[in-house]
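# A look at the structure
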Amino acid sequence: QPAYIPLGLTAQRQVMALDNAAEGFRVVMTGGERTFDGLDRMATVDFICVPEEQTADVPCLRNEVFGLQTLDYQFEYRHHLACDGASGGGAPGGVSPGTVLLILAPIFVALYCALGAAYQYRVRDARGADLVPHREFWRDVPLLIKDGVMFVVDKARGVAQR
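Residues numbered from 1 in each chain as written. Predicted model: local features only at pLDDT ≥ 70, side-chain atom pairs only at ≥ 80, totals over all residues. Heavy atoms only, no water.

This part covers the pairing of strand E4 (residues 60-66). Strand direction decides the pairing type here: E4 and strand E5 (residues 70-79), joined by six bridges, are antiparallel. Of the residues in E5, the one forming a bridge with Leu61 is Phe75. Between E4 and E5, which pair antiparallel and follow one another directly, the connecting turn spans three residues. (Pairing = 2+ DSSP bridges. Helix = DSSP H or I, 4+ residues; strand = E, 2+ residues; numbered from the N terminus.)

Let us now look at the side chain of Thr44. Along the polypeptide, Thr44 turns up in strand E3 (residues 40-49). A residue is classified by how much of its surface remains accessible, and Thr44, at 5% relative accessible area, is buried. Engagement of the side chain of Thr44 in a polar contact is seen with the side chain of Asp72, the distance being 2.9 Å. Setting aside residues no more than four positions away along its own chain, Thr44 makes contact with Arg26, Val27, Val28, Asp72, Tyr73, Gln74 and Phe75. (Buried < 20%, exposed > 50% of the residue type's maximum accessible area, 1.4 Å probe, protein only. Polar contact = N/O pair within 3.5 Å; in protein donor to acceptor, adjacent residues only side chain to side chain. Contact = heavy atoms within 4.5 Å.)

It is worth spelling out the packing of aromatic side chains at this point. For any pair of aromatic rings, geometry is given as the distance between the ring centres together with the angle between the planes. Enumeration over the complete set of coordinates arrives at four aromatic pairs. On the numbers, 4.9 Å between centres and 75° between planes, the contact of Phe137 with Trp138 is edge-to-face. Look at Phe137 and you get partly exposed, because its relative accessible area is 42%. You can call Trp138 partly exposed: its relative accessible area is 43%. (Phe/Tyr/Trp six-rings, centres within 6.5 Å; stacked < 30°, edge-to-face > 60°.)

Written as structure tokens, this is what we have:
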């Protein structure tokens, strides 16, 4: 016997705006375990935007609403991440890790090319196309990609035929 009673399933959820003027959103989960009286349990959680210093540690049960066929447990969770534009990664208004990657990747590619060409020129006394670092590898990349794609396609076809 579990130590909890499922109030609703995340697979059967709806997300919507709050009814009142408060900033935030509502999640309604249905498909919870039936009560002894045959009512379907469901959970409604209102995520309400508050300043970070007023963020609650846990949601609180606000109400239990008995309907003709349902028992709706209504929770309220006051949290700063429920605000429009809030993000859990880093400081508000900060730069996301994806943005950092998009900025740094071209810089590292340019450094790789410049330093590799300088090395080829100074150490190996290369000229022209021989200045490209790891030229043989880069020449083979399109064929390697084609081989990889064909391998995946062949495996997918083999699975589909079974």
